[in-house]
Amino acid sequence: MALELQPGDEVIVPAFTYVATAEVIALLRLTPVMVDVDPHTFNLTADILEAAITPKTKAVVPVHLFGQSCDMEAIMQVANKHGIWVVEDNAQAIGADYILADGSVQKTGTLGHIGCTSFYPSKNLGAYGDGGALYTNDDELGPKCAMMANHGQVKRYYHDAIGVNSRLDAMQAAILEIKLRHLDQYAAARQKAAAYYDEHLGSVSALQVPVRQANSSHVFHQYTLLVKNGKRDDLAVHLKAEGVPSMIYYPVPLYKQNAYKALIPADFQDLPVTEALCESVISLPMHTELDEAALAFICQAVKKFFA
Ligand SMILES: *Cc1c(COP(=O)(O)O)cnc(C)c1O
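Definitions and limits used
Residues numbered from 1 in each chain as written. Predicted model: local features only at pLDDT ≥ 70, side-chain atom pairs only at ≥ 80, totals over all residues. Heavy atoms only, no water. Domains from an automatic or database assignment. Contact = heavy atoms within 4.5 Å. Buried area = accessible area lost by both parts, 1.4 Å probe. Salt bridge = Lys/Arg side-chain N within 4 Å of Asp/Glu carboxyl O. Polar contact = N/O pair within 3.5 Å; in protein donor to acceptor, adjacent residues only side chain to side chain. Axes fitted to C-alpha atoms, helices over the stretch in contact; angles between N-to-C directions. Helix = DSSP H or I, 4+ residues; strand = E, 2+ residues; numbered from the N terminus. Left-handed = near helix turned anticlockwise from the far one by under 90°. Nonpolar A, V, L, I, M, F, W, Y, C, P; charged D, E, K, R; others polar. Buried < 20%, exposed > 50% of the residue type's maximum accessible area, 1.4 Å probe, protein only. Pairing = 2+ DSSP bridges. Near = heavy atom within 4 Å.

**Observations regarding the domain arrangement of the chain**
Right, on to step 1. As far as domains go, the chain holds domain 1 (10-180) and domain 2 (183-306).
Right, on to step 2. Inter-centroid distance (C-alpha atoms) of domain 1 to domain 2 is 23 Å.
Right, on to step 3. Across the boundary between the two partners, domain 1 contributes 41 residues, which contact 34 residues of domain 2.
Right, on to step 4. Interface area, domain 1 with domain 2, both sides summed: about 3300 Å², of which 62% is carbon and sulfur.
Right, on to step 5. The three residues of domain 1 that bury the most area against domain 2 are Met34, Phe66 and Asn124, which together make up 22% of that side's buried surface.
Right, on to step 6. Here domain 1 and domain 2 share 0 salt bridges between them.
Right, on to step 7. Linking domain 1 with domain 2 are 18 residue pairs in polar contact (both at pLDDT 80 or more).

Right under this line is the structure:
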């Protein structure tokens with residue numbers, strides 16, 4: 001809304017993501033253009049982005065999926081060359097570091113024109129209820145975003161734009177203000193659990209543990225395995241029987257979701273990497289309170305399946 005995009009403008013989004021990434025695009029009657037992702041990082045790449053750009057493209061929403069940054073420097077280069085907006089979906093990667101080619105470090109969500117995050121309780125910085133935030137370094141976009149989130153008003157009861165109520169309520173803000181101070185500590189706890197999983201599951205030949213990129217830290221919103229032997233669903237059933245919760249993020253490509261089918265062009269070709277990932281990913285328990293006994297129990301249950 002702050003970018004003043006118009007119905008029919010194309011916005012590029014990865015098809016392997018949570019539905020919220022495309023939802024606002026559809027609600028604004030923009031055209032979501034769904035593209036594939038990299039098979040190793042599960043993220044949008046600059047090459048995939050560039051191949052999807054048309055004269056109607058106005059924006060792209062890179063998603064830092066599971067807690068690791070897209071290659072933002074390359075994405076910004078392509079976006080700037082074509083004059084399109086970059087709105088980072090940082091819902092899963094708040095606190096992650098992106099390392100630029102010159103060695104400098106920037107937080108994910110601050111590399112594009114606007115960054116968005118969610119404070120849903122299960123997120124890396126979770127409130128005690130729903131909430132979210134936008135961030136921007138742009139002096140024009142900042143006040144505009146704030147205005148849009150507050151019924152389009154700058155001065156109370158004077159409305160310059162048609163906005164929404166998307167204010168963060170004071171109770172959640174108070175909780176988040178305290179929790180924000182511990183964000184790095186939360187990431188460290190998740191990284192410690194991930195390192196344990198890597199160490200104990202890395203040798204299972206049917207599994208691919210999360211690929212770490214050199215130019216990003218990983219804050220592990222999810223610890224997501226690729227099951228390479230086609231038995232992902234059997235593994236999920238086995239884990240459930242063993243008392244280990246697991247989850248499939250995400251089982252259905254965006255373009256196959258009932259609500260979005262009508263927005264897909266007739267000549268749309270299924271995206272091979274997205275299709276394969278939806279069939280083969282599984283996420284293990286990941287949060288800040290996993291102790292070694294729990295991690296050992298989980299790894300044992302996984303290994304038992306492949307033994
Ligand atoms: C959680 C999430 C969102 C949106 O979160 P809400 O707080 O429900 O709006 C958007 N994108 C991704 C990738 C997410 O994981």
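**Here we look at the packing of helix H6 (residues 183-201) against helix H9 (residues 292-306)**
What describes two packed helices is the angle between their axes and the distance between those same axes.
Right, on to step 1. At a minimum axis separation of 10 Å, H6 and H9 run at an interaxial angle of 35 degrees. For the element pair H6 and H9, the recorded crossing hand is right-handed. Every residue of H9 that contacts H6 at Ala193, Tyr196, Tyr197, His200 and Leu201 is listed here: Glu292, Leu295, Ala296, Ile298, Cys299, Val302 and Lys303.
Right, on to step 2. Considering only residue class, the contact of H6 with H9 consists of 9 nonpolar, 1 polar and 2 charged.

**Quick word on unusual backbone geometry**
Right, on to step 1. In the segment running from Tyr249 into Tyr250, the intervening peptide bond is cis, with an omega of 10 degrees.
Right, on to step 2. Among the secondary structure elements, Tyr250 is positioned in the loop between helix H7 (232-241) and helix H8 (272-280).
Right, on to step 3. In this structure, Arg29 takes a positive phi of about 60 degrees despite not being glycine.
Right, on to step 4. Turning to its location among the elements, Arg29 is positioned in the loop between helix H1 (20-27) and strand S2 (31-35).
Right, on to step 5. By relative accessible area, which is 63% here, Arg29 ends up exposed.
Right, on to step 6. Unusually for a residue other than glycine, Phe66 sits at a positive phi of about 65 degrees.
Right, on to step 7. Summarising the element assignment, Phe66 is placed in the loop between strand S3 (57-60) and helix H3 (72-82).

**Some details on the side chain of Ser118**
Right, on to step 1. Mapped onto the elements of the fold, Ser118 is located in strand S7 (residues 114-118).
Right, on to step 2. At 3.1 Å, the side chain of Ser118 and the backbone nitrogen of Tyr120 are in polar contact.
Right, on to step 3. Once you skip the residues sitting within four places of it in the chain, Ser118 turns out to touch Ala91, Lys123, Leu125, Gly131 and Gly132.

**Thoughts on the sheet that holds strand S4 (residues 85-89)**
Right, on to step 1. The strand order S2-S1-S3-S4-S7-S8 describes an open sheet built from 6 strands, whose pairing is mixed. Since the sheet does not close on itself, it has two edges, and those belong to S2 and strand S8 (132-135), each with one partner. When strand polarity is set aside, the average angle formed by the axes of neighbouring strands in this sheet is 25 degrees.
Right, on to step 2. Pairing analysis gives 2 bridges linking S3 to S4, with the strands arranged parallel. Within S4, the residue paired with Ala59 across the bridge is Trp85.

**Regarding the pattern of salt bridges**
Right, on to step 1. The tally for this structure, following the rule as stated, stands at 9 salt bridges.
Right, on to step 2. The closest approach of N and O atoms between Lys304 and Glu242, which form a salt bridge, is 2.8 Å. Here Lys304, found in helix H9, pairs with Glu242, found in the loop between H7 and H8; they are 62 residues apart in sequence, far enough to count as distant.
Right, on to step 3. Taking the relative accessible area as the measure of exposure, Glu242 reaches 26% and is therefore partly exposed.
Right, on to step 4. Members of the salt-bridge network, linked through shared partners, are Lys256, Asp270 and Glu275.

**Here's the deal with the site of the ligand**
Right, on to step 1. In the vicinity of the ligand, the contacting residues are Thr17, Tyr18, Ala20, Thr21, Val63, Asp89, Ala91, Gln92, Ser118, Lys123 and Gly131.
Right, on to step 2. Here a nitrogen atom of the ligand sits 2.7 Å away from a polar atom, N or O, in the side chain of Asp89.
Right, on to step 3. The residue makeup of the shell around the ligand, split by class, is 4 nonpolar, 5 polar and 2 charged.

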